[in-house]
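Single-letter residue listing:
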Amino acid sequence: MSVDQHLQALTKVVVNNLENQHDWTQVKIHTQDNLPRPLLYGLPPKRLYVHPDEQIEIIKAEKELNERIPQEPELEWVLPLHLAEKWSISDFAAVFDAITAIPPGGESVNANEDAQWQLWRGPKRGKRILLATVQDDSTVTYYWMHNGLVKPRQN
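Treat the numbers as computed from the prediction; the structure is a model and nothing was measured. (Residues numbered from 1 in each chain as written. Predicted model: local features only at pLDDT ≥ 70, side-chain atom pairs only at ≥ 80, totals over all residues. Heavy atoms only, no water.)

Colleague: Is there a simple way to think about unusual backbone geometry in this case?
Modeller: What you tend to see is this: most non-glycine residues have negative phi, and most peptide bonds are trans. The phi dihedral of Asp 23 is positive, around 60°, even though this residue is not glycine. Within the secondary structure, Asp 23 sits in the loop between helix H1 (3-21) and strand E1 (25-30). One non-glycine residue, Ser 138, lies in positive phi territory at about 75°. Position of Ser 138 among the secondary structure elements: in the loop between strand E4 (128-134) and strand E5 (140-146). (Helix = DSSP H or I, 4+ residues; strand = E, 2+ residues; numbered from the N terminus.)

Printed below as a string of structure tokens:
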């Protein structure tokens, strides 16, 4: 199997898993010259990740407004990988260098100064990728990878 066929098959397995097992919509394949392989992006059925600092801002805003702030899903990047592949830090860095924080078609929120929590949906959003690791039996396991350090959540 050629490299292109391998990547196409891998991508197809992940797209199928996202759409049929996890109910993602708007899943698209993204290619560009400076990417080492195609990426995917799509819209999960619910919000998958909240940055710890954003979480603090949301809690403060909910307390001030005395109402819950809805957490709408947002487009996410997905990198299909096979478990047997060997990736280096520089391989992942090349992917992060090639992408924007928000996938194409993602809404960048223009926050006012009183709604600091909204900035995490736009200019404060860091680059992140959902790694889709495919095993030989087509099981897909997902892991978050961030560009840089992200402090852990506090319980």
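Further notes follow.
Colleague: Honestly, the pattern of salt bridges in this entry has me stumped. Any pointers?
Modeller: Pairs can form between side chains of opposite charge whenever their charged atoms are close. According to the stated counting rule, one finds four salt bridges in the structure shown. Salt-bridge contacts for Glu 74 lead to Arg 47; the nearest nitrogen and oxygen are separated by 2.9 Å. Remark: Arg 47 occurs in the loop between strand E2 (39-43) and helix H2 (52-65) and Glu 74 occurs in the loop between H2 and strand E3 (76-82); sequence separation between them is 27 residues. Here the two residues Glu 74 and Arg 47 agree in accessibility, since each one is buried. Through salt bridges that share partners, Arg 47, Glu 74, Glu 76 and Arg 128 make up one connected network. (Salt bridge = Lys/Arg side-chain N within 4 Å of Asp/Glu carboxyl O. Buried < 20%, exposed > 50% of the residue type's maximum accessible area, 1.4 Å probe, protein only.)

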